[in-house]
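Overview (structure and organization)
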Amino acid sequence: MGVIGCAGIAVRRMLPAFAASPDVEIVAVASRDAAKARQVAERYGCRAVHGYAELLAQDDVDAVYVPLPAALHARWTEAALSTGRPVLAEKPLTTNPRRTAELLELAGRSGLVLMENVMFVHHHRHEAVRRLVADGAIGELRAFHAAFTIPPLADTDIRYDPELGGGALADVGVYPLRAALHFLGSRLGVVGARLTRGAGRRVETAGAALLGTPGTVTAQITFGMEHAYRSSYELWGSEGSITVDRAFTPPADHIPVIGLRRGRTAEEIRLAPHDQVAATVAAFAAAVRTGIPPDDGATLRQAELLDEIHRFAAREEPHATG
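Residues numbered from 1 in each chain as written. Predicted model: local features only at pLDDT ≥ 70, side-chain atom pairs only at ≥ 80, totals over all residues. Heavy atoms only, no water.

Let us now look at the sheet that holds strand 11 (residues 230–237). Strand order in the open sheet formed by eight strands is 8-9-10-7-11-12-13-14, and the pairing between neighbours is mixed. Edge positions in the sheet fall to strand 8 (189–196) and strand 14 (265–270), since each of these pairs with one other strand and no more. The mean angle between the axes of side-by-side strands here comes to 10°, regardless of whether they run parallel or antiparallel. Packing against the sheet, helix 6 (residues 124–134) makes contact with strand 11, strand 12 (240–245), strand 13 (257–262) and strand 14, and its axis sits at approximately 180° to strand 12. Here helix 7 (residues 168–184) sits on the sheet in contact with strand 7 (141–149), strand 9 (206–212), strand 10 (218–224) and strand 11, set at roughly 160° to strand 10. (Pairing = 2+ DSSP bridges. Helix = DSSP H or I, 4+ residues; strand = E, 2+ residues; numbered from the N terminus. Axes fitted to C-alpha atoms, helices over the stretch in contact; angles between N-to-C directions. Contact = heavy atoms within 4.5 Å.)

Have a look at this one:
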């Protein structure tokens, strides 16, 4: 694995998971800052490379991980695919659905795996929730609510920079949106949306959207990055409900709990801890081995829905401020 960039998510989460994986060897880490590349590379016993293009010139790099700011994902993902290498790219894959479609088409045409790094979908708790719904534990599904909000970031954080693809929707809104897709399917569409900016910010710092399926199921998502922390979703059915807390970024040793309520009866279903970062790395490695990406079209539909939310919000209140 060659890593293009030394972003926080790479240093905190992905590089330790790569190092611990029996399927992956880290051979090179690249940065535009040579000293930063050396510092990270020394920690993992790999080669430091000065510059992203230089990493793609390394003969021993079989696959590439791209943890750059969102606005740079498309350029360097395309560059890596063009050298014949599979890519694991941070979310969102690109900042517009057309480019997402182009990159997925390029990967498919080249027989390469292109995987967006949405990690929570690889946690076994969500598959357990799917099984409960499929088995009729809450009757017929009627509604889905999800929220992901985080406290304010440092003023210098790139997520406040529009030129780098910042904003709450792409950074934290993608989690409840992807969860809605995970449970309700690709026919989900946007009904309405609102994005707001905190004082002095150049990007949206909060938002909400209402979505629905062609049938009777609605989805409400809430997101923000100047809030009290929340990471949860709930499914309501005709006969009960399912609640999941710490849904999107649980630590590896967290004991997952699924709350199930039917009428006056409530129970907690406890599962074994599961490391979703390690599971994501394993899923990518398996996809590279088989040539089959673990994606049923969710990456492209997610990109389309992100764009729809932006367009709905602009139509309703183009100059919204907090």
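A few words now on unusual backbone geometry. Here the bond from Lys91 into Pro92 is cis, since omega is -10°, no more than 30 degrees from zero. Along the chain, Pro92 falls in the loop between strand 5 (87–90) and helix 5 (97–110). If you check the backbone angles, Arg246 has positive phi at about 50° while not being a glycine. With respect to the helices and strands, the residue Arg246 is situated in the loop between strand 12 and strand 13.

Following the criterion strictly, the structure yields zero disulfides and no others. Cys46 supplies the cysteine sulfur nearest to Cys6, a cysteine that is in no disulfide, at a spacing of 8.9 Å. (Disulfide = S-S within 2.5 Å.)

Following the criterion strictly, the structure yields 21 salt bridges and no others. Measuring nitrogen to oxygen at the nearest pair gives 2.8 Å for the salt bridge that ties Arg159 to Asp157. Between Glu163 and Arg202 there is a salt bridge, with the nearest N and O atoms lying 3.2 Å from each other. Of the two residues, Glu163 sits in the loop between strand 7 and helix 7 while Arg202 sits in the loop between strand 8 and strand 9, which places them 39 residues apart along the sequence. One salt-bridge network, in which partners are shared between bridges, spans Glu78, Arg98, Arg99 and Glu102. (Salt bridge = Lys/Arg side-chain N within 4 Å of Asp/Glu carboxyl O.)

Next up on the list: the pairing of strand 14. Burial of strand 14 is sparse: only zero of the six residues sit out of reach of the surface. Both strand 13 and strand 14 contribute to a ladder of six bridges, which runs antiparallel. Across the sheet, Arg261 pairs through a bridge with Ala266, a residue of strand 14. Adjacent in sequence and paired antiparallel, strand 13 and strand 14 are bridged by two residues, among which Gly263 carries a positive phi angle near 60°. (Buried < 20%, exposed > 50% of the residue type's maximum accessible area, 1.4 Å probe, protein only.)

Tracing the sequence through the fold places Glu308 in helix 9 (residues 298–316). The class for Glu308 is buried, based on a relative accessible area of 17%. Discounting residues that sit within four places of it in the chain, Glu308 has contacts with Gly189, Val190 and Arg301.

Within the structure shown, the criterion is met by twelve aromatic pairs. Aromatic pair Phe120 and Tyr175: ring centres 6.2 Å apart, planes at 35°, arrangement tilted. Here the residue Phe120 occupies a position in the loop between strand 6 (114–117) and helix 6, and Tyr175 occupies one in helix 7, the gap between them amounting to 55 residues. Tyr175 sits in the buried class, given a relative accessible area of 15%. Aromatic pair Phe148 and Tyr175: ring centres 4.8 Å apart, planes at 65°, arrangement edge-to-face. You can see Phe148 sitting in strand 7 and its partner Tyr175 sitting in helix 7, a full 27 residues away along the chain. The class for Phe148 is buried, based on a relative accessible area of 5%. Geometry around Tyr160 places Arg201 over its ring, the cationic atom sitting 3.8 Å from the centre. (Phe/Tyr/Trp six-rings, centres within 6.5 Å; stacked < 30°, edge-to-face > 60°. Lys NZ or Arg CZ within 6 Å of the ring centre and 35° of its normal.)

This part is about the packing of helix 7 against helix 9. Close contact between helix 7 and helix 9 brings their axes to 10 Å; oriented N to C, the two are set at 120°. The pairing of helix 7 with helix 9 is recorded here as oblique in orientation. Considering only the axes of helix 7 and helix 9, their crossing is right-handed. Seen from helix 7, the contacting residues are Leu169, Val174, Leu177, Arg178 and Leu181; seen from helix 9, they are Ala298, Thr299, Arg301, Gln302, Leu305, Leu306, Ile309 and His310. Here the contact of helix 7 with helix 9 is built from residues that sort into eight nonpolar, three polar and two charged. (Parallel < 35°, antiparallel > 145°, perpendicular 65-115°, else oblique. Left-handed = near helix turned anticlockwise from the far one by under 90°. Nonpolar A, V, L, I, M, F, W, Y, C, P; charged D, E, K, R; others polar.)

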